[in-house]
Amino acid sequence: MLSPERLAQPDYEYLAQRHVLTYMEDAVYQLLENREDISQYGIARFFMDYFNSVCQGTHILFREFSFIQATPHNRASFLRAFWRCFRTVGKNGDLLTMREYHCLLQLLCPDFPLELTQKAARIVLMDDAMDCLMSFSDFLFAFQIQFYYSEFLDSVAAIYQDLLSGKNPNTVIVPTSSSGQYRQRPALGEAGVPEGVEASLFYQCLENLCDRHKYSCPPLALVKEILNGVQRLTFYGFLGTLSKHPGINQALGALPDKADLMQDPAMDEELERLLAQVPGLVPAVTATPELGCPPSRTPPRVGSPWRPLHHPRKVDTESDGSTEETDESET
Amino acid sequence: MIPGKYRSVSGRAANNVNCGLHLVIQPSSLPEKNKVEFKLNRDTPSFPGRLLQHDLERNYSSRQGDGRVISPSPRNKSSCISSTTNLTELCGLEMKTTTSSLSAFGDSSIQTPSKSRIRQGCHSAGPNISGDHINLVNSSMPSFPILQHSSEEKSLYSDRLTLERQKLTVCPIIDGEEHLRLLNFQHNFITRIQNISNLQRLIFLDLYDNQIEEISGLSTLRSLRVLLLGKNRIKKISNLENLINLDVLDLHGNQITKIENVNHLCDLRVLNLARNLLSHVDNLTGLDSLTELNLRHNQIAFVRDVDHLPSLQRLFLSFNNISSFDSVSCLADSTSLSDITFDGNPIAQESWYKHTVLQNMTQLRQLDMRRITEEERRMASVVAKKEEEKKRESQKQSLLKEKKRLTINNVARHWDLQQRVANNATNQDRKDSASPPQDPCQTEGSTISPFPEDTGAVDSGLTSALQSLSVIDTHLVEVDGDTLSLYGSGALESLDRNWSVQTAGMITTVSFTFIEFDEIVQVLPKLKIKLPNSLHLKFKETNLAMLQQFNALAQLRRIDQLTVDPQGNPVVNFTLWKYYVLFRLSHFSMQKINGTEVTQNDMIMAERLFGILAHVASSELPQYHLISILGDARKKQFRYLLETKGKKPGIVNEENNDSKRLVGENTNRATLNYTTREFYNEKLEDIKEKKKFCKMYIEDLVKEATEINMKNEALQKLWPQMFIELVRDAVIETRNKNSYMKLCLQQITDQK
């Protein structure tokens, strides 16, 4: 609270910028909504509850989308909640379609817009074949970028489009809300011109953007690192790399590293406890061998029925082959 | 055996023959019954046997079918004699004998030992002579053989001439025999009827077993009464115009394909068209005297006009191609018909054959040669009645089925339209996100609602009835046994009606087709009350697209089975849907999903996949939110009910209590519930409003607070200086103790 910036600007703006107002508004709204129930156990307690849940990141569960995307903290919390709740799906090795992931998202946020899921899927799949199956980790990281930096990516798309069409984007950048514009692949009239835009120019534009951007942007240093490695790049190539970059993930802080994505010992323990009391199966549980052994000690991957449900495919947790290929073509 | 009986009286019969043709029967004078019997007895071995083929065949064990007895077996002679019989009968000269004597007379022919003897007996040398003549003159081609009798013979057998088996290829010229009444050309090779036009008194003409291809040369034989043309090559019935007295016409064993040119034969009693190529029977008008019609062994598929034959008594249709009673239905209208055969037709194979025929033709006395008993008739009428009932029932059923089909089609069409509109709307929404989300279902619904409604309560006493069907243009409600099928959104209203306890209790399966799942969700509380025993839910074309939609089913009392048809339910394409259903509805301990048994492993898998979600939802959800979510769920159910039946407070209250119990489901799953899009949008609107208010409120508060804070900070800044100033003033004031004391004292005194 006592950062030096605080003194640099008026209090009100400071609170607004730090989204404190958002939470205060929401707290009051919740109070208003459930005033009978809350008054029973005390308003002070309610506020404690509320801000505690905000700190823990559980405040976004089953909330409306407008609230979930309202602050970066909410977004990160949602990403984390999604990961925690459906890590088991990924662990099971199932490859799912965009629609199914969308359904999972909707289980946590009933009005989650399809558009965001589609965009995230596009980062993974690189083209319009939207019915393809994706691995959980691929989708999750792409979704992270898309969801957390949604506005930033929209602006980047506009810049990219401008660069492609030869305009100098430095003059003025209007982050167009009309998404989907950039979806159309640039019409490569001249066959000789390689796909994409020049990386250095692109970086300059992004730098410029980050300076002025009021929404959250990925750390510029990391963007630079990504862009320095290549000569030219395409929009989705850029997003793909961005989504796979471990530094960005760390900076975001919502999800564990890719290697640890399937690990969540606390929750696993909880799950084993739950499994032991599957209704109506109590006597049977002891009978099944894999559940007979002490659950906490058994590594979840070994000896437990973690098998793909319907697709007996190779569990592809590392990465989606298609994205990898495109990356290489970029570099 | 019958022949034996005949033989016994043969001697007398022979006498009769010898007496010439004095023996006459006037058929009309005989009593009906006698006549029948008489025919049976007399005709069997004799000429009418050819006409009454059925009799013949029965006696000969159907050996020869309709063919005549051609082989030169002892029976051949019968044909000859029979003709005599017939002649005597037809001539109607003199009634001399009774039935018995007549039959005896018939028998006499049998008694005659051989062909030659007949000839001798009847015609003496006549045939022989003719044979010679033929041989003689045949060599000289242009002229015809001329037949002449000795005057002696003429005087003896002046009225008959038999030229049987004479290998004749043409008709001989018969001169001076104008008085001839009977002429027999059986078993020759005659190809054309000629040279007999002068025999104007001819009554009987037998051309059986020749090679005649066309009926011709008969136009002058006006008194001809019996014409036998069996076993020839005739293709067409023609040139009978002048034979108006014809009584018997035998055309069996020819190649006739249709009945024609017989309408003027108003005296014809017997017509034999067996073993021809008839494909159907019609054009029978005018045959007012026809009593017997033989149509065996044709290819007849249908029969018409028989009801225009006022005298027809016997009709033989054996061995044809009749396959339904409809194709011979005119028989039912014939009042005179008493004897009919259908054996050898496809129709006779049918189980309903006998009683259908009997039922439709009550006038019948014999069917397929067997006398019909009263018992049979009774049975037939009973069976027919039953049949009729069944038919009516099945007709009703099929009508209903058809109606159902049409309605379902209609509903499907509506559904498709609705889907398309909805898609368009969402597309528009997507394009123009600023516009308020319009609800396509709503607009569509308003167009549907004015459709006719049926008002009757679904079933009342008909609990045992399998089908109680109420069909409405745009939706369909069907109760079939334990299944309630609803088609189209309008069908959901049926749940508002008064269901009898029995019916409602019987229904264990509810199937939804062509209904938006969101609309179903709204009636689920009602479903729970009205159909407490429903265990199996089926969804088809219901737009089930999201896993969360299954949450809505958790509020039901119990589900054993769930069937979600892939058609129109995209959710089924998901890998996880089954597990999610199992997980979310685990408190029902479901047994089957889409017909597949739920195994323990499935349950465990479901828990593994989604257990954490439930855990997070229950243990990590902040309490204030938990309350609001659960409260919402309660309110929502309440609202669904209120909206549709606010006028019935009793039920609402009941439901209220019910929902407060919130079912015995796993509480950690209760937070996972589903709000229909409509309600959710409303809720979002609501939220927006409240948020706006909160925002303003907070804004004011914060502004106030920051102002206070600013003032406070300003004060804080000023305060040290102020303090110093204060202290300084005080110090200056108290610097001179004495003067300060004085001042103070002064003040005190002033106060006083």
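Throughout, residues of each chain are indexed from 1 in the direction in which the sequence is written. By the order in which they are written, chains take letters starting at A while ligands take numbers starting at 1. Reporting in this predicted model follows two pLDDT cut-offs: at least 70 for local features of residues, and 80 or more for side-chain atom pairs to be given and counted; totals over whole chains, interfaces and linings ignore these cut-offs and use all residues. The side-chain quantities take in all heavy atoms of the structure and omit both hydrogens and water.

- In the annotation of an unreviewed UniProt entry, chain B is listed under the name Leucine-rich repeat-containing protein 49 and assigned to Cavia porcellus.
- The UniProt entry for chain B carries the following text under Function (unreviewed entry): "Subunit of the tubulin polyglutamylase complex (TPGC). The complex mediates cilia and flagella polyglutamylation which is essential for their biogenesis and motility."
- UniProt positions are given in the numbering used here, feature names are shortened, and annotations may be inferred rather than shown by experiment. Of chain B, the UniProt comment under Subcellular location (unreviewed entry) reads exactly: "Cytoplasm, Cytoskeleton, Microtubule organizing center, Centrosome, Centriolar satellite".

- The name an unreviewed UniProt entry assigns to chain A is Centriolar satellite-associated tubulin polyglutamylase complex regulator 1, from the organism Cavia porcellus.
- The heading Sequence similarities (unreviewed entry) in the UniProt record of chain A holds the text "Belongs to the CSTPP1 family."
- UniProt's Subunit (unreviewed entry) comment on chain A is quoted here verbatim: "Interacts with PCM1. Interacts with TTLL1, TPGS1, TPGS2 and LRRC49; the interactions link CSTPP1 to the complex TPGC. Binds to alpha-tubulin."

**Structural notes on the interface of chain A and chain B**
At step 1: At the interface, 68 residues of chain A touch 56 residues of chain B.
At step 2: Around 5800 Å² of area is buried between chain A and chain B when both sides are counted, 69% of it from carbon and sulfur atoms.
At step 3: A quick way to say it: buried area is the sum, across both parts, of accessible area lost when two parts are put together, with a 1.4 Å probe. Sorting the residues of chain A by area buried against chain B places A:Tyr12, A:Phe62 and A:Leu107 first, and these three jointly supply 11% of that buried surface.
At step 4: Salt bridges are counted wherever a side-chain nitrogen of Lys or Arg sits within 4 Å of a carboxyl oxygen of Asp or Glu. Inspection of the region where chain A meets chain B yields five salt bridges.
At step 5: A:Asp26 is paired through a salt bridge with B:Lys691; the nearest N and O atoms lie 3.3 Å apart.
At step 6: Two N or O atoms count as a polar contact when they lie within 3.5 Å, although within protein this holds only if one can serve as hydrogen donor and the other as acceptor, and sequence-adjacent residues are included solely when both atoms are side-chain atoms. For the interface between chain A and chain B, the tally reads ten residue pairs in polar contact (both at pLDDT 80 or more).
At step 7: Only runs of H or I of at least four residues qualify as helices and only runs of E of at least two qualify as strands under DSSP, and these elements are numbered from the N terminus. Of all elements in the fold, only helix H1 (11-17), helix H2 (20-33), helix H3 (35-41), helix H4 (43-56), helix H6 (72-91), helix H7 (98-108) and helix H15 (265-276) of chain A reach the threshold of two or more residues within the side of chain A that touches chain B.
At step 8: Tallied by class, residues from the side of chain A that touches chain B come to 37 nonpolar, twelve polar and 19 charged. Two residues qualify as a contact provided that any one of their heavy atoms is within 4.5 Å of a heavy atom in the partner residue. The nonpolar class holds Ala, Val, Leu, Ile, Met, Phe, Trp, Tyr, Cys and Pro. Asp, Glu, Lys and Arg form the charged class, and all remaining residues, Gly among them, are polar.

**Side note on the pattern of salt bridges**
Where charged atoms from two side chains of opposite charge approach closely, those side chains can pair.
At step 1: Taken as a whole and assessed by the stated rule, the structure comprises 29 salt bridges over all chains.
At step 2: For B:Lys231, the salt bridge goes to B:Asp209, with nearest N and O atoms at 3.5 Å. With a gap of 22 residues between them, B:Lys231 in the loop between strand S6 (226-228) and strand S7 (248-250) and B:Asp209 in the loop between strand S5 (204-206) and S6 connect regions that are remote in the sequence.
At step 3: Among the ionic pairs, B:Lys690 bridges to B:Asp686, the shortest N-O distance being 3.6 Å. Of this pair, B:Lys690 and B:Asp686 both sit in helix H21 (residues 677-734), four residues apart, roughly one helical turn.
At step 4: Residues participating in the shared-partner salt-bridge network are A:Asp26, A:Arg63, A:Glu64 and B:Lys691.

**What about the UniProt feature "coiled-coil region" (unreviewed entry) in chain B?**
At step 1: The feature "coiled-coil region" (unreviewed entry), as annotated in UniProt, sits at residues 372-405 of chain B in this numbering.
At step 2: The span residues 372-405 of chain B carries 94% helix and 0% strand; its end-to-end C-alpha distance comes to 45 Å.

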